[in-house]
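Spelled out, the chains give:
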Amino acid sequence: MILVLRALGVGDLATAVPALRALRRAHPDRELALAAPAWLAPLVKLIGGVDRHVDAPGLGPLPWTGPAPDLAVNLHGRGPQSHHMLTATRPGRLLAFANPDAGHHDGPPWRADEHEVDRWCRLLAWYGIPTDRTDLALTPPSPGALPGAVTIVHPGAKAPHRRWPAERFAAVARHLTATGHRVVVTGNRAEQRLAQQIAHLAGLPDHAILAGRTDLHHLAALVAHARLLVSGDTGIAHLATAYHTPSVLLFGPVPPAQWGPPPDRTCHEVLWRGPDDGGRADGVPHPALAALDVPDVLAAVERVERRAAVPAPARSPEWLPVG
C-alpha cells in the first residue's frame, strides 16, 4: 500500500497530479491512499487512480489506523513536520526530499525556485519513477444545470496582497459583458461580499453572482465548460489549466515560473510585471499586481480568444513580462 501526503489546497493538489499519476503507473496493483483535506474530495475523484482519501486538514497527526504502508511519499513539503507525519505510520520506505533535521538523509535536495509541478516530478525521478509533467488533465464533470460557455471572473485569493483591486475586476467584467460575454463572478462564501461589490459595479444581475453557491465539484464543472477565466494566481487557475479552458491570469507576488500554467499552452495568457521579491507583502495589492491595469487584461483577453480561434504555431516555452 502507498500513502501520499498533500494536505494543502486546490492549486497544490492540481500541481501534484503528474506525480500522483506517476505513482499509480509505477505501482498499478497497490492501493494508493492520499492524505489531503476532506473538502478536496470532489477534486480527488476527478484525478482518478486514488483508492482511498484520508482526511488531513494540515500538518498534524494522521488519522491512520490501517497497517503500515509499504511506501510513504511526501508530496507536501521539505519537512520536518510533514516527514514526521509519514514516518509515524512506520512505512517500509519514505520517498521525500532530504532533511537531516527529520532524520531523512535520502532523497534529492530542495530547490526553492523551481515550478511546483517540476518539484514533485523531480522528487520521483530521483527515486527512479518516470513522470510526465504535462499529465495535468482532470476528468470534466457534467455541467448539469450550470450555465455553459460563461466567462468567469474570480477576484479572490487567500492573501489580500494577491488580490487585484475590485474596481478593476468590475471594469473588466463590464467591458466583457458589453462585448458579448456572459460574465459570472465566483468565489467562496467568505468572498460573497467582494463578488457582490464587483457585480454591482459592473452592472451584472444577481444571478451572475455564483460566489458561495458552488462546491468544488460544481466549480470544476463550471470551469471545464467555460468560455474564459479571468483570475489571479489561485486554485481556479489550475482548474483552467487542467481543462484547457482559455484564461487570463494575473500573477503577483509569486512569479508564474513557479506556479503558472505550462508556458507553451497558447490558451493561457499570464500577466506578470514582477518584481520577484520572494513574495513579500509590501502593499495591498502587491506592486506586481498594482502595476497591471484594465487595458492590460482586456488586451490579453483579445489575444487569448484570437489564439483559441486560430491554431498557433509552435514556439519555445518562455516566461515573458507584460509590456
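Note that the coordinates shown come from a computational prediction; the quantities given were computed from them, not determined experimentally. (Residues numbered from 1 in each chain as written. Predicted model: local features only at pLDDT ≥ 70, side-chain atom pairs only at ≥ 80, totals over all residues. Heavy atoms only, no water.)

Visitor: Teacher, can you tell me more about the confidence of the model for the protein here?
Guide: It should be kept in mind that the predicted coordinates are not to be read in detail where pLDDT is low. On average, residues of the protein score 91 in pLDDT, and 93% of them are at 70 or above. Contacts for the low-pLDDT stretch residues 311–323, under 50 throughout, to residues beyond four places or in other chains number 22 contacts. (pLDDT = per-residue confidence, 0-100. Contact = heavy atoms within 4.5 Å.)

Visitor: For this particular structure, what's the right way to read the sheet that holds strand β5 (residues 93–95)?
Guide: Sheet strands associate in pairs through backbone hydrogen bonding, adopting either a parallel or an antiparallel arrangement. Taken in spatial order, the 5 strands of this open sheet run β3-β2-β1-β4-β5, and their pairing is parallel. Only two strands of the sheet have a single neighbouring strand rather than two, namely β3 (52–55) and β5. Pairs of neighbouring strands in the sheet enclose a mean axial angle of 20°, with direction left out of account. Pairing of strand β1 (residues 2–5) with strand β4 (residues 71–74), which is carried by 4 bridges, proceeds in the parallel orientation. Across the sheet, Val4 pairs through a bridge with Val73, a residue of β4. (Pairing = 2+ DSSP bridges. Helix = DSSP H or I, 4+ residues; strand = E, 2+ residues; numbered from the N terminus. Axes fitted to C-alpha atoms, helices over the stretch in contact; angles between N-to-C directions.)

Visitor: Looking at this model, I keep getting lost on the pattern of salt bridges. Mind explaining?
Guide: Side chains that carry opposite charge are capable of pairing whenever their charged atoms lie near each other. Going through the model one piece at a time under the given rule, you end up with 14 salt bridges. The closest approach of N and O atoms between Glu116 and Arg119, which form a salt bridge, is 2.5 Å. Pair noted here: Glu116 and Arg119 are both in helix α5 (residues 116–126), with a separation of 3 residues, about one helical turn. A salt bridge links Asp118 to Arg133; the shortest N-O distance between them is 2.9 Å. Separated by 15 residues along the polypeptide, Asp118 in helix α5 and Arg133 in the loop between α5 and β6 (151–154) bring together distant segments of the chain. (Salt bridge = Lys/Arg side-chain N within 4 Å of Asp/Glu carboxyl O.)

Visitor: What's the story with the packing of helix α2 (residues 17–26) against α5 in this structure? I'm lost.
Guide: Helix-helix packing is characterised by the crossing angle of the two axes and by the distance between the axes. Following both chains from N to C, one finds α2 and α5 inclined at 25°, their axes separated by 8 Å at the closest point. By the angle between their directions, the pair α2 and α5 is classed as roughly parallel. Two secondary-structure elements touch here, α2 through Pro18, Ala19, Ala22 and Leu23 and α5 through Val117, Trp120, Cys121 and Leu124. Looking at the contact of α2 with α5 residue by residue, the class counts come to 8 nonpolar, no polar and no charged. (Parallel < 35°, antiparallel > 145°, perpendicular 65-115°, else oblique. Nonpolar A, V, L, I, M, F, W, Y, C, P; charged D, E, K, R; others polar.)

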